[in-house]
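# Understanding the architecture of this molecule
The lines below spell out each chain.
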Amino acid sequence: MRDALVAAAFRLFLERGYEQTTVDDIVALAGVGRRSFFRYFPSKEDVVFPDHERCLADMTAFLAASDEGHEPVPRVCDAARLVLRMYAENPSFSVQRYRLTKQVPGLRAYELSVVWRYERALAEYLRGRFAGRPDGTLRADVIAAAVVAAHNNALRSWLRSDGKSDASTTVDHALGYVQSAFGAPPAATPAGEHPRHPGHPAAPEHPEDVVVVVSRRGAPLWRVVQEIETTLGRE
């Protein structure tokens, strides 16, 4: 019944246009009553996005099943892949929905609200993992937003190809940027110290190490550099 309603709705959307199609038109084509429609979909907008509730539930369950052995950033990237997999299960439907959403401002607004719910689920998981760390909440929210942005960039690229490109490769490439930027959470800052901000150089791993090279006066620069490289290579 649910699939029949979705099929009927999209057939009418393509033939008549979204705004010109009513719920009564959809149920008439599907051969059911209005009550059956609203049993599955609260509104006409929801029939355009019939699988997001299930996908959001799957993502939430996936994150809830995480343990301390899971690195948080790769984990939320894997959670985002669940959404792409949902789109890739039915490429033709996903492409039709993409084209329809671009044409209807109300659907674009609805889609943004759905995206925000995914981002909130990722952020809540990360906040729990980064609790007690310096700027833990800020880090969680920034990473969640970055994951969603990377995923959506890959998704739009795949949809613009009419679902013919490799969705997994595209999203892996995009999420790779997130993992390279935020791969591991920062270590807790000892009391009295200020956390290092992104973009500031990290302190040397062994700040007490000093290398002294003695060279004769007038030695060519390349020889001095060679001596330094040789000395460091012995560590």
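About the cut-offs
- Residues numbered from 1 in each chain as written.
- Predicted model: local features only at pLDDT ≥ 70, side-chain atom pairs only at ≥ 80, totals over all residues.
- Heavy atoms only, no water.
- Helix = DSSP H or I, 4+ residues; strand = E, 2+ residues; numbered from the N terminus.
- Buried < 20%, exposed > 50% of the residue type's maximum accessible area, 1.4 Å probe, protein only.
- Contact = heavy atoms within 4.5 Å.
- Areas by Shrake-Rupley, 256 points an atom, 1.4 Å probe, with all protein chains shown as cover.
- Core = buried A, V, L, I, M, F, W, Y, C linked by side-chain atoms within 4.5 Å.
- pLDDT = per-residue confidence, 0-100.
- Axes fitted to C-alpha atoms, helices over the stretch in contact; angles between N-to-C directions.
- Parallel < 35°, antiparallel > 145°, perpendicular 65-115°, else oblique.
- Expected span 1.5 Å × (residues − 1).
- Phe/Tyr/Trp six-rings, centres within 6.5 Å; stacked < 30°, edge-to-face > 60°.
- Lys NZ or Arg CZ within 6 Å of the ring centre and 35° of its normal.

### Focus on the overall build of the protein
Helices and strands together make up the secondary structure of the protein, namely eleven helices and zero strands. Starting at the N terminus and ending at the C terminus, the protein contains elements arranged as α-α-α-α-α-α-α-α-α-α-α. Each of the 235 residues in the protein was classed as buried or not, and the buried ones make up 35%. Across the protein, contacts joining residues at least 24 apart in sequence account for 67% of those joining residues at least 6 apart. Summing over all exposed atoms, the protein offers an accessible surface of approximately 14,400 Å²; the carbon and sulfur share of this is 53%.

### Re the nonpolar core
Within the largest apolar cluster, 38 residues are counted, with the highest numbers of intra-cluster contacts made by Met59, Val76, Tyr118, Leu122, Leu126 and Val147. Secondary structure elements with two or more residues in this core: helix H5 (52-64), helix H6 (72-88), helix H7 (91-103), helix H8 (105-129), helix H9 (136-160) and helix H10 (167-182). The residues touching tyrosine 118, leaving out its near neighbours within four places in the chain, are His52, Cys55, Leu56, Met59, Val83 and Met86. Tyr18, Val23, Val27 and Leu100 belong to the second-largest nonpolar core, a separate cluster that totals 21 residues.

### Some words on the confidence of the model for the protein
Across the protein, the average pLDDT comes to 83, with 78% of residues at 70 or higher. In this model residues 185-208 is a low-confidence stretch, pLDDT under 50, and it forms 17 contacts with partners more than four residues away in sequence or in other chains.

### Section: the packing of H5 against H8
It is at 10 Å that the axes of H5 and H8 come closest, and there the two elements cross at 5 degrees. It follows from the interaxial angle that H5 and H8 lie roughly parallel. Contacts between H5 and H8 pair His52, Glu53, Cys55, Leu56, Met59, Thr60 and Leu63 from the former with Val114, Arg117, Tyr118, Ala121, Leu122 and Tyr125 from the latter.

### A short note on H8
End to end, H8 covers 37 Å across 25 residues, agreeing with the expected 36 Å (1.5 Å per residue, within 8%). Within H8, burial applies to Leu107, Val114, Tyr118, Ala121, Leu122, Ala123, Tyr125, Leu126 and Arg129. Buried residues along H8 sit in contact with helix H4 (44-48), H5, H6, H7 and H9.

### Considering the packing of aromatic side chains
This structure, assessed with the given rule, holds seven aromatic pairs. Measuring from centroid to centroid gives 6.5 Å for tyrosine 40 and phenylalanine 41, while their planes differ by 45 degrees, and the two rings are tilted. Chaining the aromatic ring pairs together yields one cluster made of Phe10, Phe13, Tyr18 and Phe93. The aromatic ring of phenylalanine 62 is capped on one face by arginine 75, whose charged end is 3.8 Å from the ring centroid.

### Things to note about unusual backbone geometry
One non-glycine residue, aspartate 135, adopts positive backbone phi at about 55 degrees. Within the secondary structure layout, aspartate 135 lies in the loop between H8 and H9. You will see that aspartate 162, though not glycine, has its phi angle at about 65 degrees, which is positive. Checked against the element boundaries, aspartate 162 lands in the loop between H9 and H10.

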